[in-house]
Amino acid sequence: MTDENEPVQHCTVGEPVNLPTALETAAIEYLDVDDQRTIVIYQQAILMVIASKGQATAAREFAVELWEEPPDGLPCDPDDLITAFLDELLAPTDAVRTGFE
């Protein structure tokens, strides 16, 4: 897991999101860990997506943690990277972010 200095964003959506389906639709590489956790490769960064309300197949709340930044030489603000990931993840769904921190 990440320590408290690692970037993390929490997202709440108005309706459940099937995270694996949304990742596939957005053509984002991922690996299921268990019913709540999914490892994602996004813009050469490694993210952990954790469903905190529901399972990954019907998540109402989830957190995105940056586990590893893209390789050196690629400009990247961790919060901007996570925000871009969330935008891309939710774009093909009907879900609307109702909470975000």
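Below is a short write-up of the structure. What you are looking at is a predicted structure, and each value in this text was computed from that prediction instead of being measured.

1. Some details on the pairing of strand β4 (residues 45-53)
Moving on, step 1. Note that strand β3 (residues 37-42) and β4 share six bridges and pair antiparallel. Among the inter-strand pairings, Ile41 is bridged to a residue of β4, identified as Ile46.
Moving on, step 2. Hairpin connection between β3 and β4: a loop of two residues separates the two successive antiparallel strands, and Gln43 in this loop has a positive phi of roughly 50°.
Moving on, step 3. Both β4 and strand β5 (residues 59-68) contribute to a ladder of seven bridges, which runs antiparallel. Following the sheet pairing, Ile46 is matched in β5 by Glu68.
Moving on, step 4. Turn length for the β4-β5 hairpin, with the two strands adjacent in sequence and antiparallel, is five residues, and the turn residue Gly54 shows positive phi of about 90°.

2. Focus on the nonpolar core
Moving on, step 1. Judged by nonpolar contacts, the single largest core of 26 residues is most densely connected at Leu19, Val40, Leu47, Phe62, Val64 and Phe85.
Moving on, step 2. Among the secondary structure elements, those contributing two or more residues to this core are β1 (8-17), α1 (19-25), β3, β4, β5 and α2 (78-90).
Moving on, step 3. Residue contributions to this core peak at six residues, all from α2.
Moving on, step 4. Discounting chain neighbours no more than four positions away, the residues touching Val40 are Leu23, Ile28, Glu29, Tyr30, Ala45, Ile46, Leu47, Val49 and Phe85.

3. Observations regarding the pattern of salt bridges
Moving on, step 1. Tallied over the entire structure, the rule returns two salt bridges.
Moving on, step 2. Between Asp34 and Arg37 there is a salt bridge, with the nearest N and O atoms lying 2.9 Å from each other.
Moving on, step 3. What makes Asp34 partly exposed here is its relative accessible area of 32%.
Moving on, step 4. Relative accessible area serves as the criterion here: at 29%, Arg37 is assigned to the partly exposed category.
Moving on, step 5. Between Glu61 and Lys53 there is a salt bridge; the shortest N-O distance is 3.9 Å.

Reading the values: the criteria
- Residues numbered from 1 in each chain as written.
- Predicted model: local features only at pLDDT ≥ 70, side-chain atom pairs only at ≥ 80, totals over all residues.
- Heavy atoms only, no water.
- Pairing = 2+ DSSP bridges.
- Helix = DSSP H or I, 4+ residues; strand = E, 2+ residues; numbered from the N terminus.
- Core = buried A, V, L, I, M, F, W, Y, C linked by side-chain atoms within 4.5 Å.
- Buried < 20%, exposed > 50% of the residue type's maximum accessible area, 1.4 Å probe, protein only.
- Contact = heavy atoms within 4.5 Å.
- Salt bridge = Lys/Arg side-chain N within 4 Å of Asp/Glu carboxyl O.

Geometric values such as these leave the question of function open.
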